[in-house]
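Descriptive structure summary
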Amino acid sequence: MNVELTRFRVKKNKTQKVDEWLAFLNDHLLDVLVTLEGEKMYVETIFRETLDGEEYLYWYSIQGTGGQQVEDSDHWIDQKHLQYWEECIDPDFSPVDLSTEVVMIPHKIKESMNNS
């Protein structure tokens, strides 16, 4: 199981497009959830922050091993998600993986994740 939190910088002047992107994901959540199964993505959460005038998106995830990469998916929701990614995420900013220090998942839930 992989637990991670990664920070990505949003391109300048893309705040409205990020609003649209996040609304799109929320509006199509049932389709999004279907794609997560193939990725063995147990939890995926997007956080948003503006810091020193720069906008950032953070991805928190708990993912099993051996799942499909989103880039390899033919599902329309993933294709649209990747289009938003290309338009909004700054490729000149190296993503920052925050250090995982403690993972607190009850054993019962962790077992359930590993058995799916």
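Looking now at the overall build of the chain. Looking only at helices and strands, the chain features four helices and four strands. The helix and strand sequence of the chain, counted from the amino end, reads β-α-α-β-β-α-β-α. Over its C-alpha atoms, taken along the principal directions, the chain stretches across nearly 45 × 35 × 20 Å. Within the chain, buried positions represent 32% of all 116 residues. Counted over contacts in the chain with a minimum sequence separation of 6, partners at least 24 positions apart contribute 75%. Accessible area for the chain stands at about 7700 Å²; split by element, carbon and sulfur atoms hold 49% of it. Averaging the coordinates of the 11 positive side-chain charges in the chain and doing the same for the 23 negative ones gives two points 3 Å apart.

The next subject is the nonpolar core. Val18, Trp21, Leu25 and Leu57 are the most contacted members of the largest nonpolar core, which has 16 residues in total. Where this core is concerned, the elements lending two or more residues are helix H1 (15-27), helix H2 (29-39), strand S3 (54-63) and helix H3 (76-88). Ranked by residue count, the leading element in this core is H1, at five residues. Setting aside residues no more than four positions away along its own chain, Leu25 makes contact with Val32, Ile46 and His81.

Residues Leu29, Leu30 and Leu33 make up a contiguous nonpolar surface patch of roughly 310 Å² in combined accessible area. Turning to its location among the elements, Leu29 is positioned in helix H2.

Another aspect to go through is the pattern of salt bridges. Summed over the entire model, instances satisfying the criterion amount to six salt bridges. Between Glu20 and Lys17 there is a salt bridge; the shortest N-O distance is 3.2 Å. Residue Glu20 and its partner Lys17 are located together in helix H1, separated by three residues, close to a single helical turn. Overall, Lys17 belongs to the partly exposed group, its relative accessible area being 22%. Through salt bridges with shared partners, one network takes in Asp19, Arg48 and Glu55.

Positioned with a positive phi, Lys40 is a non-glycine residue whose angle comes to about 55°. As for its placement among the helices and strands, Lys40 is situated in the loop between H2 and strand S2 (41-51). Within the chain, Asp52 stands out as a residue other than glycine whose phi angle is a positive 50°. Mapped onto the elements, Asp52 comes out in the loop between S2 and S3.

Let us look at the confidence of the model for the chain. Averaged over the chain, the pLDDT score is 93; the fraction of residues at 70 or greater is 99%. Highest mean pLDDT in the chain belongs to H1 (97); lowest belongs to helix H4 (residues 107-114) (85).

With that settled, the discussion passes to the sheet that holds strand S4 (residues 96-97). Read across the sheet, four strands follow the order S2-S3-S1-S4 without closing on themselves; strand pairing throughout is antiparallel. The outermost strands of the open sheet, each flanked by one partner alone, are S2 and S4. Bridge analysis of strand S1 (residues 2-9) against S3 gives eight bridges, and the strand direction is antiparallel. When the sheet's bridge partners are listed, Thr6 is paired in S3 with Trp59.

Basis of the calculations
Residues numbered from 1 in each chain as written. Predicted model: local features only at pLDDT ≥ 70, side-chain atom pairs only at ≥ 80, totals over all residues. Heavy atoms only, no water. Helix = DSSP H or I, 4+ residues; strand = E, 2+ residues; numbered from the N terminus. Buried < 20%, exposed > 50% of the residue type's maximum accessible area, 1.4 Å probe, protein only. Contact = heavy atoms within 4.5 Å. Areas by Shrake-Rupley, 256 points an atom, 1.4 Å probe, with all protein chains shown as cover. Lys, Arg positive; Asp, Glu negative; His and termini not counted. Charge placed at Lys NZ, Arg CZ, Asp CG, Glu CD. Core = buried A, V, L, I, M, F, W, Y, C linked by side-chain atoms within 4.5 Å. Patch = residues over 30% accessible without salt bridge, like charges linked within 9 Å, V, L, I, M, F, W, Y side chains within 5 Å. Salt bridge = Lys/Arg side-chain N within 4 Å of Asp/Glu carboxyl O. pLDDT = per-residue confidence, 0-100. Pairing = 2+ DSSP bridges.

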